[in-house]
Amino acid sequence: MNNDSKEIDLKDLFSLFISKLWIIILAVIIGGAGAFCYSKFVLPLKYSSHISMYVQSYTSFNENPDLNYNNINNSKQLINTYMEVLKDDAVMNAVGDKLSASFDENILSESLSVVNGKITPSSIRECMVISSVTDTSALNLVTTTKNAELSAAICNIVAKVAPSYLDEAVGVGQINTIDTAKVYNTPVSPNVKKNTAIGGLAAAFLVMVILFLIDFFDNTIKESGWLGSRFKKAIIGEILEFGTDRKKNAENDSKYVKLTDKDVPFAVVESYKSIRTNISFALSPFEKKIFTVSSTNPGDGKSTTSANIAIALSQGGNKVLLIDADLRKCVQHKIFGLKNKKGLSTAISRMADLDECISKDVMDNLDVMTAGPIPPNPSELLASESMTSILEKLSERYATIIIDTPPVNVVTDSMELAKNVSGIIMVVRYGVTTTDDIDAAMKKIEFSQMNMLGFIMNDIKSKHGGKYYSKYKYKYYKYKKGYGYGYGYGYGTAHEENEDDSSDTDEKKDTAPKKESSSSSGKSDTASKKENSSPSDKKKSSGSHHHSGKSSHSHKRKKGGK
């Protein structure tokens, strides 16, 4: 559903119910089991009996068909009148008196209401159902109580007392019965199977309504496309839920997962590669390759995202520096297992040399500046001229600088760096960050005139994404080719990875002859003859006479190189 206009999409609604299918199934089981137990062990057994009564006028049948037809019509017209008379209190009182004379009061009180030793007319009416049979002059009386004999007795007593009251009240026609009501010892209620099915369906419907209402009033961000169009900003990337066991062993008690960890899913690795490409496009118009990473509130994963972005950028071959500017709650030293005695705070306050505050070669092409000791004035330090001077010096040494800053809606530290950076990337956590949070953050970013580079949707919970990337990983290792799928992030596709993969393949081809030259001379000569002969043969067989000169020249160049 659309977070803004709340338009209901049947496809999204169906997807919602499918994703919560286990809850619906559980509700069906619990609802059905509850209805079964209630019907089986709580509801009392009820027994039913019935009798049919026939209404006819006083005019007897004769040989004239028209007169007989009129008699039947008159009988049908009397049915509705008779039905009302049979429900009258006078008839019910007469029935009650006869029942009191025939049954014990304890038996009567189980099914009927007995007040001062007298059965109330309303309780008898509640046990009775009088209906007319379609296109006939017959009445059908059905009685249901907790006692089979009592149900049959009520039917028979009503059939006996009815004629006198009908004759007195209406004075036209008569009512007759052919047979008496019988005692049926098979209970008609409760219907355990029917009640169980109804209970299960009712529980499922109730749960589906609750799920719909929760989703309808849920203002958390769950659609990256809506997020980009709502705030007119690019989606830098989408990161699936890591799905790793974050409970490390006793030696490493970190809950943070790095991109280089062995158990990181392939889908997450590919997401960060795409983010690397999109960030490169986003920073291309700016001279300063410095940007901050923040979030709206704590717990959105901006520190872990910052660290992994830095790792992904360093894997691209450029020199990268990661600065932990979250001086109040720093975590980068925990993620990378570094000491935090010296860092950004000591560098800004000039308590230590700048180079001493940087951990060099934490990974290939990656340096990290931790936050350092917690200062009493973090915002003032980040807004100082000393911070500006430090970033200017560092920008000459590093191709890209990433600054991990505190949440925007908590403190203003991120805004203090607006003049020193090219922009800010906001990390949004799937199903946690709300539209109100982003609205508040965007107002602060716009007020500080900070360039908004885009959003990163973090911790996306998708069952289908894992299957897609698992299949994609199989194809990647099978063919060893570049991949160019697009996420629609607004900054292009992963063309950079294609070039990296193709260069890796070329390097493997160039190094293969060197490995062969280090082996025995006999094998080297044999291998070189095979390599020199087979490409030449292929080119001669596939090329025309006009290209024979080029093939020969290429062959000589290969041979001379070896």
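The structure displayed is predicted, hence computed values, not measured ones.

A.B. asks: Describe in detail the environment of Ile-119, supporting the description with residues and values.
C.D. replies: Tracing the chain through its elements places Ile-119 in strand β3 (residues 118–119). Each C-alpha atom of the pair Ile-119 and Ser-100 lies 7.6 Å from the other, and the pair is 19 residues apart in sequence. Among residues more than four places away in sequence, those in contact with Ile-119 are Asn-93, Gly-96, Leu-99, Ser-100, Leu-108, Leu-112, Ser-113, Val-114 and Ile-124.

A.B. asks: Residue-level account of the side chain of Ser-422, with values.
C.D. replies: Within the fold, Ser-422 resides in the loop between β12 (400–404) and β13 (423–429). For Ser-422, a relative accessible area of 6% gives the class buried. There is a polar contact of 2.3 Å between the side chain of Ser-422 and the backbone oxygen of Lys-288. Those residues in contact with Ser-422 that sit more than four places away from it in its chain are Leu-283, Phe-286, Lys-288, Lys-289, Ile-290, Asn-451 and Leu-453.

A.B. asks: Outline the pairing of strand β11 (residues 366–369), listing residues and values.
C.D. replies: Covered by surrounding structure in β11 are Leu-366 and Val-368 together with Asp-367 and Met-369, the residues of both alternating faces. The pairing of strand β9 (residues 320–324) with β11 spans 4 bridges and is classified as parallel. Looking across to β11, one finds that Leu-321 is bridged to Asp-367. Direction of pairing for strand β10 (residues 359–363) relative to β11: antiparallel, over a ladder of 2 bridges. Looking at the pairing, Met-363 lines up with Leu-366 of β11. Between the antiparallel neighbours β10 and β11 lie 2 residues, among them Asn-365 with a positive phi of about 65°.

A.B. asks: Quick one: what's the story with the packing of aromatic side chains, residue by residue and with numbers?
C.D. replies: Scanning the entire structure with this criterion turns up 3 aromatic pairs. Arranged with centres 5.9 Å apart and planes meeting at 55°, the rings of Phe-231 and Phe-455 form a pair that is tilted. Of this pair, Phe-231 sits in helix α9 (residues 224–231) while Phe-455 sits in strand β14 (residues 452–460), and the two are 224 residues apart along the sequence. The class for Phe-231 is buried, based on a relative accessible area of 11%. By way of ring pairs, the aromatic residues Phe-212, Phe-216 and Phe-217 are connected into one cluster. It is Arg-230 that lies over the ring of Phe-231; its NZ or CZ is 4.8 Å from the centre.

What counts, and at which threshold
Residues numbered from 1 in each chain as written. Predicted model: local features only at pLDDT ≥ 70, side-chain atom pairs only at ≥ 80, totals over all residues. Heavy atoms only, no water. Helix = DSSP H or I, 4+ residues; strand = E, 2+ residues; numbered from the N terminus. Contact = heavy atoms within 4.5 Å. Buried < 20%, exposed > 50% of the residue type's maximum accessible area, 1.4 Å probe, protein only. Polar contact = N/O pair within 3.5 Å; in protein donor to acceptor, adjacent residues only side chain to side chain. Pairing = 2+ DSSP bridges. Phe/Tyr/Trp six-rings, centres within 6.5 Å; stacked < 30°, edge-to-face > 60°. Lys NZ or Arg CZ within 6 Å of the ring centre and 35° of its normal.

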